Amino acid sequence: MSTLKKALSMFVALLLITASVPAAMAEEPAVLRIGLEQDIETIDPQQNTSAYTLVVTEGIAEPLLREHEGEILPGLAETYTTDDYQTWTFNIRKEACWSDGTPITAEDIVWSYREIFTRAESAKVVVLFNAVQGYDELKAIVDSGADADTIRAAAAETLAITALDEHTIQVILSAPSPWQLDTFCSTAWAPIKRDLYEQYGSSYGSAADKIGTNGPFVVSEWRYNEQLTLEKNPNYWNADAITLEKVELVIVQGVEPRVNMFKEGKLDYAVASSDYLLSMPSDTEVLEGTSWYFMLVNDYRRDSEGSLVNEKLSRLLANEHFSAAINNAINRTVLYDSVLANPAFVATGYAIPGAINSNNVAHTTMHDLRGDSYNDVAPLTRNSEKAVAELEAALAEVGYGSVADVPEIKVVCANTTDYETIAEYMENALDAALGLKVKMDAVEFKVRDSRVISGDYDLLLFGWNNSTNDVIDYLEPFYSELFATGWNFAKPGYYAEYSAMIQEITTTTDLDRRAELALQAEEILLRHGPIVTLAVGGRAHLKSDNFEGFHVRVMGGEFDYIFAVPVK
Amino acid sequence: MQSENVNIDELFRSEPCADDEQISNQPHISYSAEVARRFWRTPSVIVFSILLALIIACCFLVPAFSPRPITGIVDEAINHKPSAEYWLGADKFGHDFFTKMWKGGQTSFKVGFVSAVLQTLIGVIVGAISGYAGGKVDQFLMRTVDVFISIPYMVIVLVVRLIMGSSIYTIIFALVVTGWLNTARLVRGQILQLKTEDYVLAAQSTGVSTASILFRHLIPNTLGVVIVSFTLAIPQAMFSEAFLSFIGMGSGDVSWGSLIRTGMEVRFRHPWQLIAPSIVLALTMLCIQLLGDSLRDALDPKLRK
Amino acid sequence: MLKYVVRRVLIAAITVFVLATVTFFLLKLVPNGLFADPNITAEARAKLFAHYGLDKPVFEQYLMYLKNMAHLDLGESIANPGRKITTMILDPATGNGLPQSMRLGLCALIFSVPMGIALGTMSGLNRGKALDKAVIGLSLVGISVPSFVVATISVTVFGNMLGWLPTTGFSTPKEMILPTICLSLSPIATIARLMRTSLVEVENADYIKTARSKGLKKRRIMLRHQVRNALLPVVTILGPITASLLCGTFVVESIFNIKGLGGYYVESISNRDYGLVMGLTVLFGTFLVAANLVVDILYGLIDPRIRLKR
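Residues numbered from 1 in each chain as written. Chains lettered and ligands numbered in written order. Predicted model: local features only at pLDDT ≥ 70, side-chain atom pairs only at ≥ 80, totals over all residues.

Undergrad: Tell me about the interface of chain B and chain A, and please be specific about residues and values.
TA: Across the contact, 16 residues belong to chain B and 17 residues belong to chain A. Looking at the side of chain B that touches chain A, its residues break down into five nonpolar, seven polar and four charged. (Contact = placed C-beta atoms within 7 Å. Nonpolar A, V, L, I, M, F, W, Y, C, P; charged D, E, K, R; others polar.)

Pasting the structure below:
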């Protein structure tokens, strides 16, 4: 019996121990709690490009300029001047400083911009400097495997970013480009703190105390995989405009717990899935964010060595009638209304309707420009007869006797619920309308990306987030010369014409001409290129009514919370 | 392979077995008939057998004969509520959920049965060789088993999945790789005991070949243990398959696990899409485990009182 | 006895070493999409490979890995640049990772073991009565319903519909209830069933008959002899149960948003975060080996026949 008692008391003691571990934070009204879907990998502005990590860097790092609700606001630069959109002069504010009070000079900023080229871990971000004069030469030196000192020297020499005096920076672009304003707003154009960077090297930005901050907030605590806490930066130049005292970015990977935490009042904002959305009380406000999906038909299949595979199936995939058949075999309205059941709109174009021709000068969206003009390419509803006719044309041209002779086609996608659902829809819809056997191949993101690069797929479901809101970001990836290794979607038929257009878009200063070109380029992609546009999906954002001035964005960091105001 | 050709009745009659006493009381009944008699003695066994047979029949017959399609897109039935036509409603593709649920069962049973057969086979062979050969071979094989047993099964599944891609074969392969270990240990233990028995020693001294001793004398006598571990392996494999599908690491085919996964997301609008596959999965597990228990009791009457 | 223990510990150590080796080479088989990004050039990728030492010959990498492992240094995470893997697995500042998983596992363990033994005992001593049938029913549910179904349904019923219990987190006692119960159901069922079976077996053992014939009180026989001896087989499965409770909390952790190790399982492999995968594997493997070792030694202590056989 005594052993039993002992065991019992031990049991109670253990329960007490486990129960006394720190409890959840107490209620504080001025704390904004945002649920993030993924762990934050790094908060170094020179390393991250994902929509999740940008949420953090946009709060802690101040670039030259800042974008808020489509407007360009001053940032580190108090003002800027440009006469020809090629030479830009930024007047850095005199009071600019790090959160610890150390001043930020023009020299520091320029040093940052040059240093990014020496960092292997910044390879994804450095692209945001590609419009600057001297970028290509510098990139060639970087790619040749030069050491850091050589790159620094070369950057000082070739990269056309210079500090004219202690508070003036001049940036010369390789061609006039009014739409670079978006880029100046991206956090890649925020400086990194030199002393800390020199101390920590590549692990700069991997912990709360290994990062220099000059933005509206500082990182007060970072509990990996759990929560990152931001607190107001009293030394921020625009501190008066910031009402929030504290922001908690809570990492909750699953939709299920995210919605439950929102319901239990542990989160103010959370991304839900459409099915959860429908179970929400009706008074909960739903914000419409945007994500967009398209499918790529591999018109340029290569083997593992990278040489073109020209077997029958490859020729079928590259056939324009085949794309047309798929385009007409899917019912975009059903896909979005019922299958994904998102608050969404159907995409008939490729670039999202809200994509802006040029952010700063004129708010012309792609939707304004094109209306529903692609309906004959990518109709809203299924057109079975046309789909079958197109498929037959494709089969005849390639030499297949009937659709039964076509081998099983693999549709590669990332293994997330949305992609898998669309892939499942494709399996069913293409079988029903065309008798085409399609099989989903859901893989991890990394595997998917490497298969994209090696061209190892038949069909590919895709979607992406850009760091700026400019339509060129949608079109550029299909113009392979701008991109270092991947995305060689090009095939000779339309590529020459397309490349010429993209080149003109990146150099012209005529906004009307640019819009016209963007529209034409998009149409080429849709008609002749590898894209089957699917839809622009909404994301169900659950929003408590405790805060105002909180926005959800398509580009860059998903949440724009900097100027949020608690509602009393 | 040879063991499959051996007539179980003959073997058990000719060799001494754990149940001598009972058999001598009923000299005309073979061991397997005796096992069968004991197995069917309990009324609950009959009930659960019928239930399991019904579930299996539904899994393979309902999808084959259902008039409502579960491929393609049925526009008019999308997200249909349960009705006389769609008993459990229809999902977002307009597929009849009742039919789809049984289709999902096919995957579960295929994975469960095939991987149980394979892992038992491998386990028996490795265990027998290890136990009979003894010495260095035994040491090596058992240490290998020890190592494999301590690799978390999720790691193996994920690695296999990355190498082989996602398909039903991947799942089966991964389950077999992790599943044969226990059978091997059990069979080895049995063989270790059996090989000191007189009849084995006699066979050895008269020059009967090793393979013959293994397959004709030793392995058949471990059949009780093998059947028990086989009946445990089936539900375990089905469980694992459901679990993997639930966390999105499944085969990509519709299965109970994947249905429960989507059911969980839509449970507020379509509760049956969560409840129905959960119940069927649980019932199947229940039946198989109970029948396995009864079979074990029937095989080893000493446990039963 | 000492010799037996030393031998078992030695074997366990070798097992862990071989496990580490097998995992290392197993992961080298995985097609790696490391740093696969269209914006990263081959040169930049090469630099990153060099940074993580992945450009060296495989055998050299293996030696480095063993050396670091011996120092309990698992290197830097690939997916989370600059983050130490040892900190990810065991974060002393936040108590996330291993400590959190262990808390959850421990709660389930200290709930399920006494519960399972108690239920099994009650059932075994009252065979055929209503109580026995109830326990059998409960244990059948426990072994037939997967934990992810239990978790989903209990979240829906007790959290979403009734609102009695919080459905996320694991810090307040109230938050601990649902995850603990979801995780405990299956071990309770297993233990209860085993306890019941072994009680039945023990009841007919000679020493119990002897004790009875000596006229000892039934209650005394029950507690001193029957239950005690029936506990033996239960002890053997405590090893695997402990290991699976401490490591196998994946679904429960993800549904209840508990920041244990579970989430790293899948994530680390799909991120090709080699260091983390190997760290986790070796950690879990060590747990499993250690749990079995403890059981082996305990069993050797309890039942001298075992160690004599060796």
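Undergrad: Report on unusual backbone geometry, specifying residues and quantitative values.
TA: Look at N225 of chain A: it is not a glycine, yet its phi comes out positive at around 65 degrees. Its place among the elements puts N225 of chain A in the loop between β8 (217–223) and β9 (227–232). Accessibility expressed as a C-beta count within 10 Å gives 22 for N225 of chain A, which makes it buried. One non-glycine residue, N257 of chain C, lies in positive phi territory at about 50 degrees. With respect to the helices and strands, the residue N257 of chain C is situated in the loop between α11 (250–255) and α12 (262–270). (Helix = DSSP H or I, 4+ residues; strand = E, 2+ residues; numbered from the N terminus. Buried ≥ 20, exposed ≤ 12 C-beta atoms within 10 Å, placed from the backbone.)

Undergrad: Describe in detail the confidence of the model for chain B, supporting the description with residues and values.
TA: Residues and elements named next belong to chain B. Of all residues in chain B, 89% attain a pLDDT of 70 or more, and the chain-wide mean is 80. The least confident element of chain B is helix α1 (residues 8–14), whose mean pLDDT is 36; the most confident is helix α5 (residues 97–133), at 91. Overall, residues 1–24 carries pLDDT values under 50, and its contacts beyond four positions in sequence, including any with other chains, amount to 30 contacts. (pLDDT = per-residue confidence, 0-100.)

Undergrad: How would you explain helix α3 (residues 31–41) of chain B if you had to name every residue and give the values?
TA: Among the residues making up α3 of chain B, those that are buried are Y31, V35 and R38 of chain B. Buried residues of α3 of chain B, viewed axially, fall in a sector of 65 degrees; they line one side. (Arc of directions from axis to C-beta.)

Undergrad: How would you sum up the domain arrangement of chain C? Please name residues and give values.
TA: Accessible area lost on assembly of the parts is the figure often given for the size of an interface. Residues and elements named next belong to chain C. Assigned domains within chain C: domain 1 (1–97 + 273–310) and domain 2 (98–258). Contacts between the two partners involve 16 residues from domain 1, matched on the other side by 13 residues from domain 2. The greatest single-element share of the side of domain 1 that touches domain 2, amounting to ten residues, is contributed by helix α13 (residues 274–302). For the side of domain 1 that touches domain 2, the per-class residue count stands at eleven nonpolar, four polar and one charged. (Domains from an automatic or database assignment.)

Undergrad: Go over the sheet that holds strand β6 (residues 161–165) of chain A, please, and point to the residues and values.
TA: Residues and elements named next belong to chain A. Spatially, the four strands line up as an open sheet ordered β4-β5-β7-β6, and their pairing is antiparallel. The open sheet has two free edges, formed respectively by β4 (77–82) and β6, since each of these has just one partner strand. Ignoring which end each strand starts from, the neighbouring axes of this sheet average 25 degrees apart. As judged from the five bridges shared by β4 and strand β5 (residues 87–92), these two strands associate in the antiparallel manner. (Pairing = 2+ DSSP bridges. Axes fitted to C-alpha atoms, helices over the stretch in contact; angles between N-to-C directions.)

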